[in-house]
Amino acid sequence: MTASPPAVRTRSALAGVAAGLVLVAVAELASLLFSASSAPFVAVGGAFVDLIPGALKDVVVALFGTADKLVLFLCMGVVHLALTAGIGLLGTRRIGDAVLALTALGVLAAVVVMTRPENAPASMLPTLLGTAVGAPALLLLLRGAARAREPGDGAGRRDLLVSGAVAIGAVLLGAGARVVNAGRSAAEAAARRFTIPTPTAPAPAVPASAQVTLEGMPDVVTTNTDFYRIDTARAVPRVDPSTWSLRIVGLVDQELTLSFEELLAEPAIETTVTLTCVSNTVGGDLAGNARWIGVPVRTLLARAGVQDGADMVLSRSVDGFTASTPLEALTDDRDAILAVAMNGEALPPEHGYPVRMVVPGLYGYVSATKWVEGLTVTRFADATAYWTDRGWSEKGPIKTASRIDVPRDGARVRADDAGAVTLGGTAWAQHRGVNGVQVQLDDDPWQDATLATAISGDTWVQWSLNWADATPGEHTARVRATDGTGELQTSKVASPAPDGASGWHEVSFTVR
Ligand SMILES: Nc1nc2c(c(=O)[nH]1)N[C@H]1C(S)=C(S)[C@@H](COP(=O)(O)O)O[C@H]1N2
Ligand SMILES: [Mo]
């Protein structure tokens, strides 16, 4: 009896599926030894959710409601089955090609896992391990499937059974690991749960008019998942709040140590503050705006009693990072806080859980210490911080900046029915506020943009400009802002080092 090619194909496809399941199952199992977030299933799903456009997300949520995650995972499962069956089919011609393809898929998944905000390079290991087991498994299973070609080989059916058994075993093992992992994630989340203090001074609600409603505009309050992340940590520090404490030392009358519970018992305030990274380039997106709840630094410093001669506070993170903040910025009326909550939730681990500093008006590298555990009251003359030791400026007030978000550089846009094109963007000059934004189209005179409602002088402001008679063809738009003191944003082009980029942001676009 001669096995027909369709039989070979079925067996090869099943071999691919089985090996693909082995890959995922081993990776899920291995991730139990690492962090729950190093499991490929959730990481790839998260990356996928980040990639799909907001409009599509809305449709999915509208259709499936709270089952949206389940739908996502089912879709991923189907795509995974189709891909690995295809890889198995590749093996009917050359087994080596199929093994290579599965390896490539595994490595790609590992890279996706690593790029998740909560992960570090080491989190690739479970997926790589899964690939290291899945690829040889595919080789063996495909060899078995190929034997079905040979006449009179009764082993063919046995190989089909082997593939099936491997697939079922992998599903059971993987599902078991997934359940344990999900439980662990939930436990980790529960451990981070604490009663967020009710602010004695809540921030005023963010008015709807702070958001420019224009396709492509960023959210005026950045979600925690969209918030940019910058730090020197190779792996996100995991801090246990039950053993965490904050020590205030240096030029103080009495040193102070506060446990997390004691910090939470202090009167807290709520502020909306836009953080910005000094590394942000002109037009870049290393800025984010959030509502923070925390304890004013000045009340704790006052209790410790700052001595004469001090002009700086060196904040230190559990991972050794330090920032030098001018004492004045922590004691004046700008509401610098030790934040414990971000947009109504405990700080996400990658944004400093359990406690970070938030200081309006200063770049992050001199003020926004995450996982903070120590404040040393000192002098600029006596101590230096992490980035100052690496050539960055000792002080880092945020420079006035403005950005065109819509249209994107290089975009092709269609004028609306009235022949108009609307431009939109963001401007910031934290703690000075933004007085105005102007836009220049090609070589036309500068026009005043319409400012959306400002949340406060410590946050960014969105703007829009209706270009009523947009002409088809290539155009350039340029933007500049004026800060709350009336000073125009400088046109002088500077790169980020040593104290922040400057210059006017410009985009080119085509009107069709
Ligand atoms: N512990 C620690 N805190 C840190 C840093 C860091 O490297 N380590 N980077 C700072 C820098 S440069 C910036 S811009 C902000 C970014 O905060 P975010 O990641 O929450 O956006 O964190 C600051 N706090
Ligand atoms: Mo930064």
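Residues numbered from 1 in each chain as written. Chains lettered and ligands numbered in written order. Predicted model: local features only at pLDDT ≥ 70, side-chain atom pairs only at ≥ 80, totals over all residues. Heavy atoms only, no water.

Per an unreviewed UniProt entry, the chain goes by the name Molybdopterin-dependent oxidoreductase and belongs to Brachybacterium rhamnosum.

Taken as a whole and judged by the stated rule, the model has 14 salt bridges. A salt bridge links R291 to E270; the shortest N-O distance between them is 3.5 Å. With R291 in strand β4 (residues 287-296) and E270 in strand β3 (residues 269-276), the pair connects residues that are 21 residues apart, well separated along the chain. On the basis of relative accessibility, which here comes to 16%, the residue E270 falls in the buried class. The salt bridge involving E506 is made with R478; its shortest N-O contact spans 2.8 Å. Taken together, the residues E506 in strand β19 (residues 505-511) and R478 in strand β18 (residues 473-483) connect sequence positions 28 residues apart. Residue classification places E506 among the partly exposed positions, given a relative accessible area of 40%. Look at R478 and you get buried, because its relative accessible area is 17%. (Salt bridge = Lys/Arg side-chain N within 4 Å of Asp/Glu carboxyl O. Helix = DSSP H or I, 4+ residues; strand = E, 2+ residues; numbered from the N terminus. Buried < 20%, exposed > 50% of the residue type's maximum accessible area, 1.4 Å probe, protein only.)

As a matter of local geometry, ligand 1 sits amid 18 residues, with Y228, T232, H351, R356 and K370 nearest to it. Residue A368 places a main-chain N or O atom 3.0 Å away from a nitrogen atom belonging to ligand 1. Surface burial for ligand 1 is 99%, taken as the share of its 530 Å² of free accessible area covered by protein chains. (Near = heavy atom within 4 Å. Polar contact = N/O pair within 3.5 Å; in protein donor to acceptor, adjacent residues only side chain to side chain. Areas by Shrake-Rupley, 256 points an atom, 1.4 Å probe, with all protein chains shown as cover.)

Okay, empty space enclosed by the protein next. Counted according to the given criterion, the structure contains 1 cavity of 30 Å³ or more. Looking at the lining of the largest cavity, the element that brings in the most residues is strand β11 (residues 401-406), giving 3 residues. Shared between two domains, the lining of the largest cavity takes at least three residues from each, and those domains are domain 2 (217-390) and domain 3 (401-511). (1 Å grid on protein atoms, 1.4 Å probe; cavity = no way out; pocket = protein on both sides within 12 Å on 5 of 7 lines; lining within 4 Å. Points joined across faces, edges and corners; volume = space filled by probe spheres on them. Domains from an automatic or database assignment.)

The next point concerns the domain arrangement of the chain. Under the domain assignment used here, the chain contains domain 1 (5-184), domain 2 (217-390) and domain 3 (401-511). Using only C-alpha atoms to locate each centre, domain 1 and domain 2 end up separated by 42 Å. Listed per partner, the contact involves 5 residues of domain 1 and 6 residues of domain 2. Each partner contributes to the roughly 390 Å² buried at the junction of domain 1 and domain 2, and carbon and sulfur atoms together form 44% of this total. Of all residues in domain 1, the largest losses of buried area upon contact with domain 2 belong to P117, E118 and A120, amounting jointly to 77% of the total for that side. At the junction of domain 1 and domain 2, the tally comes to 0 salt bridges. There are 0 residue pairs in polar contact (both at pLDDT 80 or more) connecting domain 1 and domain 2. (Contact = heavy atoms within 4.5 Å. Buried area = accessible area lost by both parts, 1.4 Å probe.)

What follows concerns the side chain of T400. Checked against the element boundaries, T400 lands in the loop between β10 (372-378) and β11. Residue classification places T400 among the buried residues on the basis of a relative accessible area of 15%. Engagement of the side chain of T400 in a polar contact is seen with the side chain of R432, the distance being 3.0 Å.

Before going further, it helps to spend a moment on the UniProt feature "transmembrane region" (unreviewed entry) in the chain. Under the feature "transmembrane region" (unreviewed entry), the UniProt entry names residues 12-34, 70-91, 98-115, 127-146 and 158-177. End C-alpha atoms of residues 12-34 are separated by 33 Å, and the span's content is 87% helix alongside 0% strand. Taken end to end, residues 70-91 is 95% helix and 0% strand, and its two terminal C-alpha atoms sit 32 Å from one another. (UniProt positions renumbered as here; feature names shortened; annotations may be inferred.)

Okay, the packing of aromatic side chains next. The final tally for this structure, using the stated rule, is 12 aromatic pairs. Measuring from ring centre to ring centre gives 6.1 Å for W428 and W460, while their planes differ by 40°; the resulting arrangement is tilted. Taken as a pair, W428 in strand β13 (residues 421-428) and W460 in the loop between β16 (450-451) and β17 (461-467) lie far apart in primary sequence, 32 residues in all. Connected via pairs of aromatic rings, a cluster forms that spans F321, Y365, Y386, W387 and W392. The aromatic ring of F380 is capped on one face by K395, whose charged end is 4.8 Å from the ring centroid. Between R480 and the ring centre of W446, over which it is positioned, the NZ or CZ distance is 4.0 Å. (Phe/Tyr/Trp six-rings, centres within 6.5 Å; stacked < 30°, edge-to-face > 60°. Lys NZ or Arg CZ within 6 Å of the ring centre and 35° of its normal.)

We now examine the sheet that holds strand β14 (residues 434-441). If you walk across this open sheet you meet the 5 strands as β12-β19-β18-β14-β15, and the pairing is mixed. Of all the strands in the sheet, the pair left with one neighbour each is β12 (412-413) and β15 (447-448). The pairing of β18 with β19 spans 7 bridges and is classified as antiparallel. Bridged to G473 within β19 is V511. (Pairing = 2+ DSSP bridges.)

This next bit is on the nonpolar core. Within the largest apolar cluster, 65 residues are counted, with the highest numbers of intra-cluster contacts made by I248, L263, W292 and L338. Examining the composition of this core, we find that 6 residues originate from one element, strand β7 (residues 337-342), more than from any other. Of the domains in this structure, domain 2 (217-390) and domain 3 (401-511) are the two that each give at least three residues to this core. Each residue touching L338, except ones within four places of it in the same chain, is listed here: L246, L263, I293, G294, V295, V297, L300, V355, R356, M357 and V372. (Core = buried A, V, L, I, M, F, W, Y, C linked by side-chain atoms within 4.5 Å.)

To continue, consider the packing of helix α2 (residues 40-51) against helix α4 (residues 68-90). Relative orientation and spacing of two packed helices are given, respectively, by the angle between their axes and the distance between those axes. Where α2 meets α4, the axes come as close as 11 Å, and the angle between the chain directions of the two elements is 105°. Considering their axes alone, α2 and α4 lie roughly perpendicular with respect to each other. The residues of α4 that touch α2, namely those facing F41, V44, G45, F48 and V49, are L72, F73 and M76. Here the contact of α2 with α4 is built from residues that sort into 7 nonpolar, 1 polar and no charged. (Axes fitted to C-alpha atoms, helices over the stretch in contact; angles between N-to-C directions. Parallel < 35°, antiparallel > 145°, perpendicular 65-115°, else oblique. Nonpolar A, V, L, I, M, F, W, Y, C, P; charged D, E, K, R; others polar.)

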